[in-house]
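Coordinate inspection notes
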Amino acid sequence: NTKSNTIGPNLFCFQFPNKILLLAMFSTCIGGTFQCGYNISIINSPTKYVQDFINQTWRQRYQTEISNNGLTLLWSTIVSMFTIGGFIGVSIGGTLSVKLGRRGTLLANNVFSLLASLLMGLSSSAGSFEMLIIGRLLIGINAGIALCVEPMFLGEIAPTSLRGAMGTGSSIFLTGGILSGQVMGLKELLGKEQYWPLLLSTTCIPTLLQLQLLPWFPESPRYLLIDRGDKEKCKKALNQLHGSEGSDIVLEDIQKEKDNLVGFKAKKPWELFADRSIRWQVITIIVLNIAQQLNGVNAMYFYADYLFRQAGISEDNIPYATVGTGACECLTALTCGMLVESLGRKVLISGGYLLMSICCILFTVTLALQNVSPVFPYLSVACVFAFVLSFGLGPGGVTNILTTEMFKQTTRPAAFMIAGSVNWLSFFIIGLLFPFIVIGLQHYCFLVFFVVCLSVGIYIIVVLPETKNKSFVDIQKEFQSRWSKETNFDEADALLISTSL
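- The protein appears in an unreviewed UniProt entry as Solute carrier family 2 member 11b from Poecilia latipinna.
- A UniProt comment under Subcellular location (unreviewed entry) is attached to the protein, and it reads "Membrane".
- The UniProt entry for the protein carries the following comment under Sequence similarities (unreviewed entry): "Belongs to the major facilitator superfamily. Sugar transporter (TC 2.A.1.1) family."

1. Observations concerning the overall build of the protein
- Secondary structure assignment for the protein yields 24 helices and two strands.
- Along the first, second and third principal axes, the C-alpha set of the protein runs to 70 × 55 × 45 Å.
- Counting only residues that meet the buried cut, the protein has 54% of its 501 residues in that class.
- Working note: accessible area of the protein is about 21,000 Å², and carbon and sulfur atoms make up 66% of it.

2. A few points about the nonpolar core
- Core analysis: the biggest nonpolar cluster contains 53 residues, and Val50, Ile54, Ile78, Leu132, Ile157, Met166 and Leu200 have the highest contact counts within it.
- Ranked by the residues each element gives to this core, the list is headed by helix H7 (residues 129-157), at 14 residues.
- Viewed by domain, this core spans two of them, domain 1 (17-217) and domain 2 (271-486), each represented by three or more residues.
- One finds Val297, Ile349, Val398 and Val463 within the second-largest nonpolar core, a separate group that totals 45 residues.

3. With respect to the pattern of salt bridges
- All told, the structure shown has 12 salt bridges when counted by the stated rule.
- Two residues, Glu156 and Arg412, come together in a salt bridge whose shortest N-O distance is 2.9 Å. Taken together, the residues Glu156 in helix H7 and Arg412 in helix H21 (residues 412-441) connect sequence positions 256 residues apart.
- Residue classification places Glu156 among the buried residues on the basis of a relative accessible area of 2%.

4. Digging into unusual backbone geometry
- Positive phi outside glycine occurs at Gln63, with the angle close to 55 degrees.
- Positionally, Gln63 belongs in the loop between helix H3 (47-62) and helix H4 (68-99).
- Look at Gln63 and you get exposed, because its relative accessible area is 62%.
- You will see that Asn469, though not glycine, has its phi angle at about 60 degrees, which is positive.
- Its location among the elements puts Asn469 in the loop between helix H22 (445-463) and helix H23 (472-482).
- Assessed through its relative accessible area of 44%, Asn469 is described here as partly exposed.

5. Focus on the state of the cysteines
- Applying the stated criterion across every chain, the model contains zero disulfides.
- Unpaired in terms of disulfides, Cys383 finds its nearest cysteine sulfur in Cys359, a separation of 6.1 Å.
- For Cys383, a relative accessible area of 9% puts it in the buried group.

6. Structural notes on the side chain of Arg345
- Turning to its location among the elements, Arg345 is positioned in helix H18 (residues 345-368).
- Relative accessible area serves as the criterion here: at 0%, Arg345 is assigned to the buried category.

7. Details of the packing of aromatic side chains
- With the rule as written, the count across this model stands at eight aromatic pairs.
- Summarising the aromatic geometry, the rings of Phe34 and Tyr38 are spaced 6.2 Å apart at their centres and angled 10 degrees between planes, so their arrangement reads as stacked. With Phe34 and Tyr38 both in helix H2 (residues 33-41), this residue pair falls four residues apart, about one helical turn.
- Phe34 sits in the buried class, given a relative accessible area of 15%.
- Here Phe82 and Trp424 contribute two aromatic rings whose centre-to-centre distance is 5.6 Å and whose plane-to-plane angle is 65 degrees, an arrangement assigned as edge-to-face. Residue Phe82 is located in helix H4, and its partner Trp424 is located in helix H21; the two are separated by 342 residues in the primary sequence.
- Phe82 sits in the buried class, given a relative accessible area of 3%.
- These aromatic residues form a ring-pair network of at least three members: Phe82, Trp424 and Phe427.
- Directly above the ring of Phe129 sits Arg61, whose terminal nitrogen or CZ lies 4.8 Å from the centroid.

8. Comments concerning the domain arrangement of the protein
- Parsing the protein into structural domains produces domain 1 (17-217) and domain 2 (271-486).
- Just the C-alpha atoms count here: the centres of domain 1 and domain 2 sit 22 Å apart.
- Taken together, the contact pairs 37 residues of domain 1 with 38 residues of domain 2.
- Interface area for domain 1 against domain 2, summed over the two sides, is near 3,100 Å², with a carbon-plus-sulfur share of 70%.
- When the buried surface of domain 1 facing domain 2 is broken down by residue, Thr83, Arg163 and Thr175 rank first, second and third, together holding 18% of it.
- Connecting domain 1 to domain 2 are two salt bridges.
- The closest approach of N and O atoms between Glu405 and Arg163, which form a salt bridge, is 2.9 Å.

Calculation rules
Within each chain, residues carry numbers counting from 1 in the order of the written sequence. Residue-level local features of this predicted model are given only where pLDDT is at least 70; pairs of side-chain atoms are given and counted only at 80 or more, and the full residue set underlies all totals for whole chains, interfaces and linings. Values shown for side chains rest on all heavy atoms present in the structure; no hydrogens or waters enter the calculation. UniProt positions are given in the numbering used here, feature names are shortened, and annotations may be inferred rather than shown by experiment. Runs of H or I in DSSP of at least four residues are treated as helices and runs of E of at least two as strands, each being numbered from the N terminus. A 1.4 Å probe rolled over the protein chains alone gives each residue an accessible area, and that area as a share of the maximum for its type sets the label: buried under 20%, exposed over 50%, partly exposed in between. We get accessible surface area from the Shrake-Rupley algorithm with a probe of 1.4 Å; when it comes to residues, only the shown protein chains can shield them. We call a set of buried residues a nonpolar core when its members are Ala, Val, Leu, Ile, Met, Phe, Trp, Tyr or Cys and they connect through side-chain atoms within 4.5 Å of each other. Domain delimitation in this document rests on an assignment produced automatically or drawn from a domain database. The working definition used for a salt bridge is a side-chain nitrogen of Lys or Arg within 4 Å of a carboxyl oxygen of Asp or Glu. What counts as a disulfide here is a pair of cysteine sulfur atoms lying within 2.5 Å. Aromatic pairing here means that ring centres of Phe, Tyr or Trp (its six-membered ring) are within 6.5 Å. Orientation follows from the plane angle: under 30 degrees is stacked, over 60 is edge-to-face, and everything else is tilted. Placement of a positive charge over a ring is assigned whenever Lys NZ or Arg CZ falls within 6 Å of the ring centre and within 35 degrees of the normal to the ring plane. Throughout, a residue-residue contact means that at least one pair of heavy atoms, one from each residue, lies within 4.5 Å. In this description, buried area is defined as the sum, over both parts, of the accessible area (probe of 1.4 Å) that is lost when the two are combined.

Printed below as a string of structure tokens:
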């Protein structure tokens, strides 16, 4: 049955996807963004134990202690390999999604996570920190491919009215993965020294779940019809996902897009830069993905431990307070999923950035006044939670949805490759430069983030059209009409406009 249940009146009404779509989202995200978030957070808990393992291994091999600089270099390599792997993953994810299909790519991607789990779990027994380095690289490749293909798949299997709600599944499971990693790293579970290899090897659990569940669901109907030209399999997939009643409308929308793309093949990333008809879409995804890493959310987490101590939280209880921030972000991702179809994408993401800019100012002031009154540490903690709430409600949940919606079937894989590459590259750069920014500017670094958040918020208000409840063809048409005075359209774009009219 394709009818969705509705909760709440008017502005706050929320449509639930049917059971099949919800199960498809779970099967897709558990081995995708959940896996990515899980591997971002689980590496933090065993930091000291892994460093001790490196020191011990070095001593056994070379009969000498490793230098502090050498230890720092090896540990930094283990951590940063995840980012390098992510960049490699997004670089190949779009191409694989065209050759193997969206679902096929997600299933094949599990090979990387299984190998990574094996290598990291056996690294201690084998006395090899090199296995940790390779394992983190492989799990990074897994995360990069998943972040590229998963939002694309969710956006393509969802009906237009639920595309935003389905798209927020990526951010919900990402934050859920981060929270799960924080919980698993607590000393009551796998946070003790003897358990760190087991903790790192638990990445196989989401992998095995996806391998068991995802094969039961069909390939993306849009991929089957537009890329493969298989109308019968497309109809079968739509019936399975939406039921016989709702599949006809979705099929008509897919057929309409296919008719506009006759004779055109999937584009490469560099071809998107040369296509003036989608210039503003490309600029927008670059701006949004740079901002997602440079908006200051990483700095907030960096200051969180210090602020928790200032607020009187004991050292033993700080990990639980950190879990609280993870739960807060997960809750806001869920809230974003409930509001994205009623408030719209533009309101949530622009409002999120503007609220974050306000939080940056307040956070700078409260940090500067830490020693003036015992009240200010608590106000700073409140700013941390308010900033995380604002991020999860807008930028964290909506960015990937917009990347899906702003492009046609032939340009979407390349767009995700560009967006993912920019995101992972920005992640790497901020990780490299952030310590120097904090040392140089201290808490005034949030004035830099204020400028970033405010600028991006204004950019979204001026440039981005609302995409809620619009087909991919209609969104493309709106971008073209908005910037028609500046753009020379090619024949395919002229056909797109004429057909949609």
